[in-house]
Amino acid sequence: MIEVRELTRYYGEKRAIHNVSFEVQKGEILGLLGPNAAGKTTTMKILTCYMPPTSGGAKVAGFDIWDQPMEIKTLTGYLPENPPLYSDLNVWEYLDFVAKIKGVPAPKRKEAISVAIEKAALGDVQKQVVGSLSKGFKQRVGLGQALLNDPQILILDEPTVGLDPRQIIEIRELIKKLGGDHTIILSTHILPEVEMTCGRVVIINEGEVVAEDTPGNLTRRLKGSERTVLEIGGDAKVASEVIKGFSEVQKLDHRKIDKSDHVRFTLETSTDIRHDLAKAIITKGLNLYELRTESYSLEEIFLHLTTKEEVA
Amino acid sequence: MKKTLAVFQKEIKHFFYSPIAYIVIAAFTLIAGIFFYLYLSSFVEAAFMDMIRSQQFRSQPQRFNINLQLIRPYFWNLALISLFVLPLVTMRLYAEEKRSGTVELLYTTPLSVGNIVLGKFFAGIFFYFVMLIPTFIFMGILFIYGDPEWGPVLSGYLGLFLLGSAFISGGLFISSLTENQIIAAIGGFGLSLLLWVIGWAANYSGPGLSAVLNYLSIINHFEDFAQGVIDTKHLFYYFIFCTFGVYLTFKSVESIKWRS
Ligand SMILES: Nc1ncnc2c1ncn2[C@@H]1O[C@H](COP(=O)(O)OP(=O)(O)O)[C@@H](O)[C@H]1O
Ligand SMILES: [Mg+2]
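Nothing here was measured: the structure is a model prediction, and the numbers come from that model.

Rules used in this analysis
Residues numbered from 1 in each chain as written. Chains lettered and ligands numbered in written order. Predicted model: local features only at pLDDT ≥ 70, side-chain atom pairs only at ≥ 80, totals over all residues. Heavy atoms only, no water. Helix = DSSP H or I, 4+ residues; strand = E, 2+ residues; numbered from the N terminus. Buried < 20%, exposed > 50% of the residue type's maximum accessible area, 1.4 Å probe, protein only. Contact = heavy atoms within 4.5 Å. Lys, Arg positive; Asp, Glu negative; His and termini not counted. Charge placed at Lys NZ, Arg CZ, Asp CG, Glu CD. Arc of directions from axis to C-beta. Polar contact = N/O pair within 3.5 Å; in protein donor to acceptor, adjacent residues only side chain to side chain. Pairing = 2+ DSSP bridges. Axes fitted to C-alpha atoms, helices over the stretch in contact; angles between N-to-C directions. Buried area = accessible area lost by both parts, 1.4 Å probe. Salt bridge = Lys/Arg side-chain N within 4 Å of Asp/Glu carboxyl O. Nonpolar A, V, L, I, M, F, W, Y, C, P; charged D, E, K, R; others polar. Domains from an automatic or database assignment. Expected span 1.5 Å × (residues − 1). Donors = N, O, S within 2.8 Å, 3.2 Å for Na, K, Ca; no water. pLDDT = per-residue confidence, 0-100. Near = heavy atom within 4 Å.

1. Comments concerning the overall build of chain A
Here is step 1: A tally of helices and strands in chain A yields 11 helices and 14 strands.
Here is step 2: With the C-alpha coordinates of chain A rotated into their principal frame, the extents come out at 80 × 45 × 35 Å.
Here is step 3: Looking at chain A as a whole, 53% of its 312 residues qualify as buried.
Here is step 4: The long-range fraction of contacts in chain A, counting pairs at least 24 apart against all pairs at least 6 apart in sequence, stands at 67%.
Here is step 5: If you average the places of the 40 positive and of the 45 negative side-chain charges in chain A, the two averages end up 3 Å apart.

Structure (structure tokens):
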């Protein structure tokens, strides 16, 4: 449904994105994940035909961003990073204007606006002036605007920013519900958001795509994505030597646990050696309080991918 | 066309939802009213003095022409007030969209640059028309108490309207270049003033250049309208002027969109 090919964009001398390529299938929810200034907004502005790339291209629903921007604009609902609102209009007037410029014919306009108001949960404020609304409601007016006329494709730039936790959950639920019928790209710098809502994630950092996969696969793909955690009571030095005795151990950290003589070791191993480890510790007369494995959270993977530090 | 109308209606709402519109209309009416009063009283005084003089010397009273001696200079006056006030009307037209980021809405919905620019241009003209309405009342007073000719009044308004549209097209262009309303207002005023005084410079330049400058001068073309003459030459000038102003706005929007 969306095909992005080697997009590069400069702002003057500054390179904002470089050779960004990815695809989005029909009905998929793609998360564009990256820290601030990664180039998420820039990518979205190009896909919505707000501005052209310096080089590269993209096709949205089969239409080319260079040659057929009007077709793309007709099919796409866009929620920019800062909701584009007219603070002196009331919510209904604002959505009415949006419906008109989206080309919703007069007889269907009222219905279309009501549906958008319903989806974005704006019923209580529809006669209120946009400028007087709270940040959360403004964000929802922006979302209502994007959803108006039920576009096939939704491009949402950080849709949950500025919302309170309950609203965040509501918006995520809404986005999930919209997936399937709609093709959605959403950007975020919040990891749990991708894990919760997206079927696939493209991680972008300093303008370049650094990884692309399902949230689950991404975790799995990074081998060594499991580590072993041990809590041992007794002589820490002895314990440390026992662990180091195994050639499979690749990395070892230890930290004293407050108010006890227990030490927590975190280690990465090439194969699963838990059973041998447990035996060795016990035969040395140490007390084993805990032995478990832990997988890396997306958060850590993300950090790894974006800081280029070795995890495994 | 429908989308141009949507932009037009939205702009009209912005005008009338903001206190600036009422301040601008009130200021325009007040200044226009004061000048009207001054012109009227000096006209009446002159006519009255002449009547006394003619009685004293038993000569024929001079014929005072209200069109020539009151209405015509008054139109010039309105043109001058418009020069000062219209930048306040055009300043927000584009700059505010850029400042608040609503250009992102306009540029990512299926609106053409033409829809946006023309909607805004006609909204500016409509607002100017509303601004002129109170002056109809002043003119009405002349028709109640005197008998001016209709023709020059109508042609004067046509001229004023065309002149205003030309100012608006220039102001809109300046507004499209910046996101700062103050800069847009000052720039719009500067451009209008320049086009106004360019005719004066003609007096000090060689014959070739002087003809060009005289032609470019926005106010030289107004003269005939104020006198009651509608010349297609001047209609053509204002038409071209507005088209050019709108075209430049169009180009600036397109190119800035391309770069930003
Ligand atoms: N209008 C602009 N002019 C100059 N630089 C810009 C502009 N917009 C964004 N940038 C730069 O481009 C980079 C990518 O920005 P952006 O796409 O907004 O990132 P994100 O949305 O991921 O935070 C940043 O370094 C930012 O400073
Ligand atoms: Mg951003």
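Let us keep going from here.
2. With respect to the overall build of chain B
Here is step 1: The helix and strand tally for chain B stands at 10 helices and zero strands.
Here is step 2: Element order for chain B, N to C, with α for helix and β for strand: α-α-α-α-α-α-α-α-α-α.
Here is step 3: Considered along the principal axes of its C-alpha atoms, chain B spans approximately 80 × 45 × 30 Å.
Here is step 4: Counting all 260 residues of chain B, 50% fall into the buried class.
Here is step 5: Here the contacts in chain B between residues at least 6 apart in sequence split such that 76% fall between residues at least 24 apart.
Here is step 6: Averaging the locations of the 16 positively and 13 negatively charged side chains of chain B gives two centres separated by 7 Å.

3. Some points on the environment of leucine 172 of chain B
Residue and element names in this part refer to chain B.
Here is step 1: Residue position: leucine 172 is located in helix α6 (residues 150–175).
Here is step 2: Classification of leucine 172 by relative accessible area gives buried; the value is 0%.
Here is step 3: When the C-alpha positions of leucine 172 and tyrosine 94 are compared, they lie 6.8 Å apart, and in sequence the two are 78 residues distant.
Here is step 4: Filtering out sequence-adjacent residues up to four positions away, leucine 172 remains in contact with Thr90, Leu93, Tyr94, Val117, Lys120, Phe121 and Thr249.

4. Remarks on helix α9 (residues 236–244) of chain A
Side chains three or four residues apart in an α-helix point the same way, a direct result of the helix having 3.6 residues per turn.
Residues and elements named next belong to chain A.
Here is step 1: Residues of α9 that are buried: Ala239, Ser240, Val242 and Ile243. The buried residues of α9 occupy an angular sector of 160° when projected down its axis, which confines them to one face. Among the exposed residues of α9, those oriented more than 90 degrees off its buried face are Lys237, Glu241 and Lys244.
Here is step 2: With a side-chain oxygen positioned 2.9 Å from the backbone nitrogen of lysine 237, the residue opening α9 is aspartate 235.

5. Things to note about the sheet that holds strand β4 (residues 55–60) of chain A
Residues and elements named next belong to chain A.
Here is step 1: A sheet is described by the order of its strands in space; here four strands give the open sequence β2-β1-β4-β5, paired in antiparallel fashion. Among the strands making up the open sheet, the edge pair consists of β2 (14–24) and β5 (63–64).
Here is step 2: As judged from the seven bridges shared by strand β1 (residues 2–11) and β2, these two strands associate in the antiparallel manner. The residue of β2 that forms the bridge with leucine 7 is valine 20.
Here is step 3: Contacting β1, β2 and β4, helix α1 (residues 40–47) crosses the sheet at an angle of about 65° to β2.

6. Points about the interface of chain B and chain A
Here is step 1: If you look at the interface, chain B gives 25 residues, while chain A gives 28 residues.
Here is step 2: Between chain B and chain A, a total of about 2,500 Å² is buried, with carbon and sulfur atoms accounting for 63% of that surface.
Here is step 3: Here chain B is connected to chain A by one salt bridge.
Here is step 4: The salt bridge partner of lysine 13 of chain B is glutamate 93 of chain A, with a shortest N-O separation of 3.8 Å.
Here is step 5: For the interface between chain B and chain A, the tally reads seven residue pairs in polar contact (both at pLDDT 80 or more).
Here is step 6: Top element by residues in the side of chain B that touches chain A is helix α1 (residues 2–17) of chain B. It accounts for eight residues.
Here is step 7: Of the residues assigned to the side of chain B that touches chain A, the class counts are 10 nonpolar, eight polar and seven charged.

7. Considerations on the pairing of strand β12 (residues 249–256) of chain A
Each regular strand carries side chains that alternate between the two faces of the sheet.
Residue and element names in this part refer to chain A.
Here is step 1: Judged from the seven bridges that link them, β12 and strand β13 (residues 262–269) form a sheet pairing that is antiparallel. Its bridge partner lying in β13, aspartate 253 is registered against threonine 266.
Here is step 2: The turn joining β12 and β13, which pair antiparallel and follow one another in sequence, is formed by five residues; a positive phi near 55° is taken by lysine 259.

8. Focus on the domain arrangement of chain A
Here is step 1: Entries for chain A in the domain assignment read domain 1 (2–213) and domain 2 (223–306).
Here is step 2: Here the C-alpha centre of domain 2 of chain A lies 44 Å away from the C-alpha centre of domain 1 of chain A.

9. Considering α1 of chain B
Here is step 1: The terminal C-alpha atoms of α1 of chain B, which comprises 16 residues, lie 22 Å apart, in line with the 22 Å expected from a rise of 1.5 Å per residue.
Here is step 2: In this fold, the buried residues of α1 of chain B make contact with α3 (91–101) of chain A together with α2 (19–56), α3 (66–100) and α5 (113–145) of chain B.

10. Describing the coordination of the magnesium ion (ligand 2)
Residues and elements named next belong to chain A.
Here is step 1: Only Thr41 (OG1) and Glu81 (OE) from the protein coordinate the magnesium ion (ligand 2), and they sit 2.0 to 2.5 Å from it. Of this pair, threonine 41 sits in helix α1 while glutamate 81 sits in the loop between β6 (76–79) and α3, and the two are 40 residues apart along the sequence.
Here is step 2: Exposure remark for threonine 41: the relative accessible area of 17% places this residue in the buried category.

11. What to know about the pattern of salt bridges
Here is step 1: Per the counting criterion, the structure on display carries 22 salt bridges over all chains.
Here is step 2: Residue arginine 200 of chain A pairs with glutamate 212 of chain A through a salt bridge whose shortest N-O separation is 2.5 Å. A residue pair is termed long-range when its members are at least 10 positions apart, and arginine 200 of chain A in strand β9 (residues 200–205) and glutamate 212 of chain A in strand β10 (residues 208–213) qualify at 12 residues.
Here is step 3: The partner of lysine 120 of chain B in a salt bridge is glutamate 11 of chain B, and the shortest N-O contact between them spans 2.6 Å.

12. Considerations on the confidence of the model for chain A
Here is step 1: With 92% of its residues at a pLDDT of 70 or more, chain A shows a mean pLDDT of 87.
Here is step 2: Within the model, pLDDT remains below 50 along residues 308–312 of chain A, and this stretch shows 13 contacts once partners closer than five positions in the same chain are excluded.

13. Some thoughts on the site of ligand 1
All names here are of chain A.
Here is step 1: In the vicinity of ligand 1, the residues found are Tyr11, Lys14, Ala16, Pro35, Asn36, Ala37, Ala38, Gly39, Lys40, Thr41 and Thr42.
Here is step 2: With respect to ligand 1, the backbone of alanine 37 contributes an N or O atom lying 2.7 Å from an oxygen atom.
Here is step 3: Measuring from an oxygen atom of ligand 1, one finds a side-chain N or O atom of threonine 41 at 2.5 Å.
Here is step 4: Every element with two or more residues in the shell around ligand 1 is listed here: β2 and α1.
Here is step 5: At three residues, α1 tops the list of elements feeding residues into the shell around ligand 1.

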